Amino acid sequence: MPNTDVSGLSMLGSQTETPTSPEMAVLEKVPATHQGTDYLVRFTAPEFTSLCPMTGQPDFAHIVIDYVPGEWLVESKSLKLFLHAFRNHGAFHEDCSVYIAKRIVELLQPKWLRIGAYWYPRGGIPIDVFWQTGKPPEGLWLPDQGVPTYRGRG
């Protein structure tokens, strides 16, 4: 089994400050060791938080990011810090969700990526945001994201 080259990483294994904004957050990548094999990588952020840009009130989401690596994998500590940087960032649900996906696509240039952002209701309605780069690779095992639609008391 090949070793993963971690020589270019600056955060893993060291104390790292939380970025002050998503734009300032650094996402890092490592070489994928199984290039040529299509497989799914899933990150789940069940307690994602951002701020409403109008009221400053917190908005909460359960975010699922699925991607098929090409040459690169996202380094998970940098992804966690990137997502954490939204805690004091004001943006609408749609903007946060699509921005996260596009930053990862820009970094990795994966074969395929999708994001499901399941926002908890505020003001009576949940807003769920879904985006993907295209069709998933043929034959890929693509499990359901496992997040039921919001049912409230129903």
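Conventions and cut-offs
Residues numbered from 1 in each chain as written. Predicted model: local features only at pLDDT ≥ 70, side-chain atom pairs only at ≥ 80, totals over all residues. Heavy atoms only, no water. Disulfide = S-S within 2.5 Å. Buried < 20%, exposed > 50% of the residue type's maximum accessible area, 1.4 Å probe, protein only. Phe/Tyr/Trp six-rings, centres within 6.5 Å; stacked < 30°, edge-to-face > 60°. Helix = DSSP H or I, 4+ residues; strand = E, 2+ residues; numbered from the N terminus. Lys NZ or Arg CZ within 6 Å of the ring centre and 35° of its normal. Expected span 1.5 Å × (residues − 1). Arc of directions from axis to C-beta. Axes fitted to C-alpha atoms, helices over the stretch in contact; angles between N-to-C directions. Parallel < 35°, antiparallel > 145°, perpendicular 65-115°, else oblique. Left-handed = near helix turned anticlockwise from the far one by under 90°. Contact = heavy atoms within 4.5 Å. Nonpolar A, V, L, I, M, F, W, Y, C, P; charged D, E, K, R; others polar. Lys, Arg positive; Asp, Glu negative; His and termini not counted. Salt bridge = Lys/Arg side-chain N within 4 Å of Asp/Glu carboxyl O. Polar contact = N/O pair within 3.5 Å; in protein donor to acceptor, adjacent residues only side chain to side chain. Pairing = 2+ DSSP bridges.

## Here's the deal with the state of the cysteines
- If you walk through the whole model with that rule in mind, you get zero disulfides.
- No disulfide involves Cys52; its sulfur sits 10 Å from the nearest other cysteine sulfur, which is in Cys96.
- According to the relative accessible area criterion, Cys52 is buried, its value standing at 10%.

## What about the packing of aromatic side chains?
- Counted by the stated rule, this structure contains six aromatic pairs.
- Ring geometry for Phe82 against Phe86: centres 5.5 Å apart, planes inclined by 75 degrees, an arrangement best described as edge-to-face. The burial state of Phe82 is the same as that of Phe86; both residues are buried.
- Pairing Phe86 with Tyr99 gives two aromatic rings, centres 6.3 Å apart and planes at 70 degrees, and the pair type is edge-to-face. Here the residue Phe86 occupies a position in the loop between α1 (76-84) and α2 (93-108), and Tyr99 occupies one in helix α2, the gap between them amounting to 13 residues.
- Aromatic ring contacts, followed pair by pair, group Phe48, Phe82, Phe86, Tyr99 and Trp119 into a single cluster.
- The side chain of Lys29 reaches across the aromatic face of Trp72, ending 4.3 Å from its centre.

## A look at α2
- With 16 residues, α2 ought to run about 22 Å at 1.5 Å a step, and its terminal C-alpha atoms sit 23 Å apart, in line with that.
- For α2, the set of buried residues is His93, Cys96, Ser97, Ile100, Ala101, Arg103, Ile104, Leu107 and Leu108. On an axial view of α2, the arc spanned by its buried residues comes to 155 degrees, and they lie on one face.
- With its phi angle positive at about 50 degrees, Gln109 sits one or two positions after the end of α2.

## A few points about unusual backbone geometry
- A positive phi angle is found at Gln109, which is not glycine, with a value near 50 degrees.
- Position of Gln109 relative to the elements: it lies in the loop between α2 and β5 (112-119).

## Brief notes about the packing of α1 against α2
- Running from N to C, α1 and α2 cross one another at 150 degrees; their axes reach a closest spacing of 12 Å. It follows from the interaxial angle that α1 and α2 lie roughly antiparallel. Seen from above, α1 lies across α2 with right-handed handedness. In this structure, α1 uses Leu79, Phe82 and Leu83 to contact α2, whose residues at the interface are Tyr99, Ile100, Arg103 and Ile104.
- Residue composition of the contact of α1 with α2, by class: six nonpolar, no polar and one charged.

## Section: the side chain of Glu75
- Within the secondary structure, Glu75 sits in the loop between β4 (72-74) and α1.
- Despite its burial, Glu75 remains without a salt bridge, the nearest opposite charge being carried by Lys80 at 7.1 Å.
- Separated by 2.9 Å, the side chain of Glu75 and the backbone nitrogen of Lys77 make a polar contact.
- Here the side chain of Glu75 touches Ser78 through a polar contact of 2.8 Å, landing on its backbone nitrogen.

## Overview of the pairing of β5
- Burial of β5 is extensive: eight of the eight residues sit out of reach of the surface.
- Residue alternation in β5 divides its side chains into two sets, Trp112, Arg114, Gly116 and Tyr118 and Leu113, Ile115, Ala117 and Trp119, and both sets are buried.
- Relative to β5, strand β3 (residues 58-68) runs antiparallel, the two sharing eight bridges. Along β5, the bridge assignment pairs Val64 with Gly116.
- One ladder, built from five bridges, connects β5 with strand β6 (residues 128-132); its direction is antiparallel. Bridging across to β6, Gly116 finds its partner in Phe130.

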